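Residue-level listing of the chains:
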Amino acid sequence: MTQNQPGLFPDQQKKRAIVYIDGFNLYNGSIKGTTHKWLNLEKYFEKLRQHEEVLRIDYFTARMHGDSGVRQETHLRALSTLPKLRVIAGNYKRKSVKCRVGQCEFGGNRRFSTWEEKRTDVNIAVQMVADALAEEADVQIVVSGDSDLVPALHKVKEMRPGIKLVVYVPARDEQRGAATEIRAAADKNATLPMALLKSCHFPVEVPDGSGGKIMRPERWGSDVG
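Just so you know, these numbers come straight off a predicted model, no measurement behind them. Per chain, residues are indexed from 1 in the order of the written sequence. Given that this is a predicted model, residues contribute local features only at a pLDDT of at least 70 and side-chain atom pairs are listed and counted only at 80 or more, while totals for whole chains, interfaces and linings are drawn from all residues. With hydrogens and water set aside, each side-chain value is computed from the structure's full complement of heavy atoms.

Participant: Any chance you could explain the overall build of the chain here in plain terms?
Facilitator: Here a strand is any run of E in DSSP of at least two residues, a helix any run of H or I of at least four, and the numbering for each starts at the N terminus. Helix and strand counts for the chain stand at seven helices and ten strands. The buried label applies to any residue whose accessible area, calculated with a 1.4 Å probe on protein chains only, is under 20% of its type's maximum; exposed applies above 50%, and partly exposed to all values in between. The buried share of the chain, reckoned over its 225 residues, is 41%. We call two residues contacting when some pair of their heavy atoms lies within 4.5 Å. In the chain, 72% of the contacts between residues at least 6 apart in sequence involve partners at least 24 apart. In these tables, accessible area is a Shrake-Rupley quantity obtained with a 1.4 Å probe, and a residue counts as shielded only by the protein chains included in the view. As displayed, the chain offers around 12,300 Å² of accessible surface, 49% of which is attributable to carbon and sulfur atoms.

Below is the structure:
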């Protein structure tokens, strides 16, 4: 049981909340192409859900390769300094994809190599169900628009009918923001607020806890990379 918050009567006790973030969904839906890549996720969600006690933030992602991977790793190091946040990594695997552009000179038969994120949905689902079974929180907050997570939301609600499920869809366009299936599976849903992002950046230099500094990637001071 959670102890009463200072200054609160028993019936005003803050609900316990856990946040589950699909990192690639968040990036592609809300962050890509903006100046908000150097984001302090703990600060953001504590501001967004200040009427609750955010116990933990689980950030699900996969480590990329090349220059993007270097910048991502820098951000993950900064995130690792946050006491309530933990990174849960899936895989980023190479796969072969068939070209579907019928007008190209290869007649649509060309194959090319690309990268694909794996395991994130499964990792989120497993963690949500495990936390529900352990009664870790009163509110589960999912940051994703992916309909693959709908069965996990249904299972959590089946096991713990009293739990509150909240979905934030990261989206800046109407088509991506529709996400009708996952919105319908939640008790409450909303599009992730963009206006709050600008007040929740890390400082340019983040203390690493060992006397060193984690520096914001230079390109992240502008709306590129």
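Participant: Explanation requested: the pairing of strand 3 (residues 85-89) in the structure shown.
Facilitator: Successive side chains on a regular strand alternate, one facing one side of the sheet and the next facing the other. DSSP-based pairing: two strands are paired if at least 2 bridges between them are found. Pairing of strand 2 (residues 53-61) with strand 3, which is carried by five bridges, proceeds in the parallel orientation. Residue pairing in the sheet places Phe60 in a bridge with Ile88 of strand 3. You can see the chain leave strand 2, run along helix 3 (residues 66-79) and come back into strand 3, and the turn it takes is right-handed. Look down the strands so they point away from you; if the path from the first strand over the helix to the second goes clockwise, the crossover is right-handed.

Participant: Please clarify how the nonpolar core should be interpreted in this entry.
Facilitator: Ile21, Leu41 and Phe45 are the most contacted members of the largest nonpolar core, which has 31 residues in total. Listing elements by their share of this core, those giving two or more residues are strand 1 (16-22), helix 1 (23-31), helix 2 (41-48), strand 2, helix 3, strand 6 (139-143) and strand 7 (164-169). The biggest single contributor to this core is helix 2, with four residues. Every residue in contact with Phe45, bar those within four places of it in the chain, is listed here: Val19, Ile21, Val54, Ile57, Val143 and Leu192. Here, the term nonpolar core denotes a set of buried Ala, Val, Leu, Ile, Met, Phe, Trp, Tyr and Cys residues that are joined through side-chain atoms within 4.5 Å. By size, the runner-up hydrophobic cluster in this structure holds 22 residues, among which are Ile18, Ile124, Leu153 and Ala171.

Participant: Quick question: what am I supposed to make of the sheet that holds strand 7 here?
Facilitator: Within a beta sheet, neighbouring strands are joined by backbone hydrogen bonds and run either parallel or antiparallel to one another. Read from one edge of the open sheet, six strands run 3-2-1-6-7-8, paired in parallel fashion. What marks the edges here is a single partner per strand, and that holds for strand 3 and strand 8 (188-191). Recorded for the sheet is a direction-independent mean angle of 20° between the axes of neighbouring strands. In this sheet, strand 2 lies alongside strand 1 in parallel orientation, the contact comprising seven bridges. When the sheet's bridge partners are listed, Arg16 is paired in strand 2 with Glu53. Axis definition: a line fit to C-alpha positions, over the contact stretch in the case of helices; interaxial angles, taken between N-to-C directions, run 0 to 180 degrees. Where helix 2 meets the sheet, its contacts fall on strand 1, strand 2, strand 3, strand 6 and strand 7, and the angle it forms with strand 2 comes to roughly 135°.

Participant: Mind showing me how you'd approach helix 4 (residues 120-133) here?
Facilitator: For an α-helix, 3.6 residues make a turn, and residues three or four places apart therefore share a direction. Taking 1.5 Å of rise per residue, 14 residues should cover 20 Å, and helix 4 covers 20 Å from first to last C-alpha, within 8% of that figure. Among all positions in helix 4, only Thr120, Ile124, Gln127, Met128, Asp131 and Ala132 are buried. Seen from one end, helix 4 has its buried residues packed into an arc of 130°, which puts them on one side. Facing away from the buried side of helix 4, by more than 90 degrees, are the exposed residues Val122, Val126 and Leu133. Within two residues after helix 4, Glu135 carries a phi angle of roughly 55°, on the positive side. A helix is expected to reach a length of 1.5 Å times the quantity of its residues less one. The directions from the helix axis to the C-beta atoms form the arc being described.

Participant: Sorry, what's going on with the packing of helix 4 against helix 5 (residues 150-159) here?
Facilitator: The axes of two packed helices give the description: the angle between them and the distance between them. Running from amino to carboxyl end, helix 4 crosses helix 5 at an angle of 5°, the nearest separation of the two axes being 9 Å. Looking at the two axes, helix 4 sits roughly parallel to helix 5. Every residue of helix 5 that contacts helix 4 at Ala125, Met128, Val129, Ala132 and Leu133 is listed here: Ala152, Leu153, Lys155, Val156 and Met159. Residue classes follow a fixed rule: Ala, Val, Leu, Ile, Met, Phe, Trp, Tyr, Cys and Pro count as nonpolar, while Asp, Glu, Lys and Arg count as charged, and any other residue, Gly among them, counts as polar. Residues that form the contact of helix 4 with helix 5 fall into these classes: nine nonpolar, no polar and one charged. Note on angle classes: values under 35 degrees are labelled roughly parallel, values over 145 roughly antiparallel, values of 65 to 115 roughly perpendicular, and the remainder oblique.

Participant: Got a minute to help me understand helix 1 in this structure?
Facilitator: In terms of burial, helix 1 is a largely internal element, seven of the nine residues being buried. Those residues of helix 1 not exposed but buried are Gly23, Phe24, Asn25, Leu26, Gly29, Ser30 and Ile31. Positive phi shows up at Gly33, right after helix 1, with a value of about 80°.

Participant: Can you help me understand the environment of Ile182 in this one?
Facilitator: Here Ile182 lies in helix 7 (residues 180-185). Since its relative accessible area comes to 0%, Ile182 is described here as buried. In this structure, the C-alpha to C-alpha distance between Ile182 and Tyr168, residues 14 residues apart in sequence, is 9.5 Å.

Participant: Where do I start with the packing of aromatic side chains in this structure?
Facilitator: Two aromatic rings are characterised by how far apart their centres lie and by the angle between their planes. Pairing of aromatic rings covers Phe, Tyr and the six-membered ring of Trp, with a centre-to-centre limit of 6.5 Å; geometry is then stacked below 30 degrees between planes, edge-to-face above 60, and tilted otherwise. Overall, the coordinates contain three aromatic pairs when judged by the stated rule. Grouped by ring-pair contacts, the aromatic residues Trp38, Phe202 and Trp220 constitute a single cluster.

Participant: Looking at this structure, I do not really get the pattern of salt bridges. What am I missing?
Facilitator: Take a side-chain nitrogen of Lys or Arg and a carboxyl oxygen of Asp or Glu: if they are within 4 Å of each other, that pair is a salt bridge. Applying the stated rule across the entire model yields nine salt bridges. Of the charged contacts in the structure, one is a salt bridge between Asp131 and Arg56, with a shortest N-O distance of 2.5 Å. In this pair, Asp131 sits in helix 4 while Arg56 sits in strand 2, placing the two residues 75 residues apart along the sequence. One exposure class covers both Asp131 and Arg56, and it is buried. Its salt-bridge partner being Asp58, residue Arg86 comes within 2.7 Å of it at the nearest N-O pair. Note that Arg86 is positioned in strand 3 and Asp58 in strand 2, a separation of 28 residues in sequence.

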